[in-house]
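Single-letter residue listing:
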Amino acid sequence: AQSVAQPEDQVNVAEGNPLTVKCTYSVSGNPYLFWYVQYPNRGLQFLLKYITGDNLVKGSYGFEAEFNKSQTSFHLKKPSALVSDSALYFCAVRDKAKGGSYIPTFGRGTSLIVHP
Amino acid sequence: ETGVTQSPTHLIKTRGQQVTLRCSSQSGHNTVSWYQQALGQGPQFIFQYYREEENGRGNFPPRFSGLQFPNYSSELNVNALELDDSALYLCASSLAGRETGELFFGEGSRLTVL
């Protein structure tokens, strides 16, 4: 069965500093990996995805993520954090389930707090 | 382009009651999936509908059921509500056959069961 782990409940970073939000995964086949962001009392918004190809993926709002197959990781990064980046971040993986449909599995989420 | 809309945004029910939540998918999207997000947790997949049929289900009991209509909108029904059903229920739309595509989420329906 597929799974996603986000080992940090909370990440604190000062504005202007680089940030990393960690994610590791486990799937039986090729992973389809995603990052989503959730602001308070809102739904999830897509940030970026890895399907195949270049291991460094660039997404919305200056975020990027690095796919590492040997470490089964897909960490989210940004070179310079903004206070407005403060939100809940979810890593997700989609894998083929019984019946052929692709079921997404989300991590527990990491709360990113960017201090002014 | 019309985004995913959900209704109602908030509702309060008591144990044993039934609830229906509604979702309109993003224009052009033919697949709808539903998620339960408990406080402090990630979204948990409930089920997915394509062409008015359920084509994927997570670990939720049969009292969680759904419908998809010809216009691709969808309903989530929960019978015999329990206290643990209190959560944010999210609907997401996507295109069938696009397993590599992202999900587009609504803002959710927050259900409180007393």
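Overview of the structure. (Residues numbered from 1 in each chain as written. Chains lettered and ligands numbered in written order. Predicted model: local features only at pLDDT ≥ 70, side-chain atom pairs only at ≥ 80, totals over all residues. Heavy atoms only, no water.)

The next subject is the state of the cysteines. As enumerated under the stated definition, the model contains 2 disulfides over all chains in all. Residue pairing for Cys23(A): its cysteine sulfur links by disulfide to Cys91(A), the two sulfurs lying 2.0 Å apart. Measuring handedness by torsion sign, the sulfur bridge of Cys23(A) and Cys91(A) sits at about -65° and is left-handed. You can see Cys23(A) sitting in the loop between β3 (19–21) and β4 (24–26) and its partner Cys91(A) sitting in strand β10 (residues 87–96), a full 68 residues away along the chain. In this pair, the class of Cys23(A) matches that of Cys91(A), namely buried. Put simply, Cys23(B) and Cys91(B) are joined by a disulfide, and their sulfur atoms are 1.8 Å apart. Between Cys23(B) and Cys91(B), the S-S torsion sits near -60°, and that sign places the bridge as left-handed. With Cys23(B) in strand β3 (residues 19–24) and Cys91(B) in strand β9 (residues 87–94), this residue pair connects regions lying 68 residues apart in the sequence. The pair formed by Cys23(B) and Cys91(B) is uniform in burial state, with each residue classed as buried. (Disulfide = S-S within 2.5 Å. Helix = DSSP H or I, 4+ residues; strand = E, 2+ residues; numbered from the N terminus. Buried < 20%, exposed > 50% of the residue type's maximum accessible area, 1.4 Å probe, protein only.)

Counting residues at the interface gives 20 residues for chain A and 22 residues for chain B. Across the interface of chain A and chain B, roughly 1900 Å² is buried in total on both sides, 54% from carbon and sulfur atoms. Together, Leu44(A), Arg94(A) and Phe106(A) form the three largest contributors to the area buried by chain A at its contact with chain B, with a combined 25%. Remark: the boundary between chain A and chain B carries 2 salt bridges. Applying the counting rule to chain A against chain B returns 4 residue pairs in polar contact (both at pLDDT 80 or more). Among the elements of the structure, β5 (32–38), β6 (44–50), β10 and β11 (102–106) of chain A are those that each provide at least two residues to the side of chain A that touches chain B. Of the residues belonging to the side of chain A that touches chain B, the class tally is 11 nonpolar, 5 polar and 4 charged. (Contact = heavy atoms within 4.5 Å. Buried area = accessible area lost by both parts, 1.4 Å probe. Salt bridge = Lys/Arg side-chain N within 4 Å of Asp/Glu carboxyl O. Polar contact = N/O pair within 3.5 Å; in protein donor to acceptor, adjacent residues only side chain to side chain. Nonpolar A, V, L, I, M, F, W, Y, C, P; charged D, E, K, R; others polar.)

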